[in-house]
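Observations on the three-dimensional arrangement
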Amino acid sequence: KKEEEVEPEEADKADKADNAEEGGKRKRKRKRKKKDKKSDGDGQGIGDAEGSGDKSTKGAGTDSVNKLESLEHTIFIEGIPFEYKEDDVKEFFIKHGCDDILQMRMPTWQDTGRLRGFGHIVFDSTESRNKALTELNGQNLGRRYI
């Protein structure tokens, strides 16, 4: 047991001697996370646009992901009343016949939590998107025009 106690002490002395030579401060090695080098076989590896999401889902799941990223299903809306919530805006679109909303991205003020007056809405079909652009453009929403 004495041999076990002697070895760590000798190792500490050796570390201190190394540190004295390097300026007195102990340098720590930084552990880095290993990057995941998965590839689908399409030549894209780490820098995929989809991030680190699970790519094993196929069918309707990937179709809706493509719609969320596509500009053909997305509209930009401005003129939303500040006191409205996302549910109020969604009800407005449903009331006017655009009820297949997939996603609403509406930024809010960090301190108050109220809407900033603009946002992006993603529709499931291009027909609903076109209807929203043509029929709802200039409509009165609360006290403001969208």
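A brief structural summary. Each residue is numbered by its place in its chain's sequence as written, counting from 1. Note on the predicted model: pLDDT of at least 70 is required for a residue's local features to be given, and 80 or more for side-chain atom pairs to be given and counted; whole-chain, interface and lining totals, by contrast, use all residues. Computation of side-chain values: all heavy atoms of the structure, hydrogens and water removed.

Time to look at the pattern of salt bridges. A carboxyl oxygen of Asp or Glu within 4 Å of a side-chain nitrogen of Lys or Arg is what we treat as a salt bridge. A full pass over the atoms with the stated rule returns two salt bridges. Note that Lys 67 and Asp 124 form a salt bridge whose closest N and O atoms lie 2.8 Å from each other. One end of the pair, Lys 67, is in helix α2 (residues 60-69); the other, Asp 124, is in the loop between β3 (118-123) and α4 (126-135), and 57 residues separate them in sequence. We call a residue buried when its accessible area falls under 20% of the maximum for its residue type, exposed when it is over 50%, and partly exposed in between, using a 1.4 Å probe and counting protein chains only. On the accessibility criterion, Lys 67 (16% relative accessible area) is buried. Residue classification places Asp 124 among the partly exposed positions, given a relative accessible area of 32%. Taking the shortest distance from any N to any O, the salt bridge between Arg 143 and Glu 83 comes out at 3.0 Å. Of this pair, Arg 143 sits in the loop between β4 (140-141) and β5 (144-145) while Glu 83 sits in the loop between β1 (74-78) and α3 (86-95); the two residues are 60 residues apart in sequence, bridging distant segments of the chain. Take Arg 143: its relative accessible area is 68%, and that puts it in the exposed class. Accessibility expressed as a relative area gives 46% for Glu 83, which makes it partly exposed. Each helix is a run of DSSP H or I of at least 4 residues and each strand a run of E of at least 2, with the numbering of both proceeding from the N terminus.

It is worth spelling out a negative patch on the surface at this point. Like-charged residues within 9 Å of one another, or nonpolar side chains (Val, Leu, Ile, Met, Phe, Trp, Tyr) within 5 Å, are grouped into patches, provided each residue has over 30% relative accessible area and no salt bridge. Accessible surface is estimated by sampling points in the Shrake-Rupley manner with a 1.4 Å probe; for residues, cover comes only from the protein chains shown. Note that His is not counted, nor are the chain ends; the positive residues are Lys and Arg, and the negative ones are Asp and Glu. To locate a charge, the coordinates of NZ of Lys, CZ of Arg, CG of Asp or CD of Glu are taken. Side chains of Glu 86, Asp 87, Asp 88 and Glu 91 sit close together on the surface and give a patch of like negative charge. Structurally, Glu 91 can be placed in helix α3.

This paragraph deals with the side chain of Arg 129. As for its placement among the helices and strands, Arg 129 is situated in helix α4. Among buried charged residues, Arg 129 stands out as having no salt bridge; its nearest opposite-charge side chain is Glu 72, 8.2 Å away. Note on contacts: a residue pair qualifies if any of its non-hydrogen atoms lie within 4.5 Å across the two residues. Excluding anything up to four places from it in sequence, Arg 129 contacts Leu 71, Glu 72, His 73, Thr 74, Ile 75 and Phe 123.

Further remarks concern α4. Those residues of α4 that fall on the buried side of the exposure criterion are Ser 128, Arg 129 and Ala 132. Viewed along the axis of α4, the buried residues span an arc of 105°, placing them on a single side of the element. Exposed and facing more than 90 degrees away from the buried side of α4 are Glu 127 and Thr 134. Summarising the contacts, the buried residues of α4 are in contact with β1, α3 and β3. What the arc describes is the spread of directions from the helix axis to the C-beta atoms.

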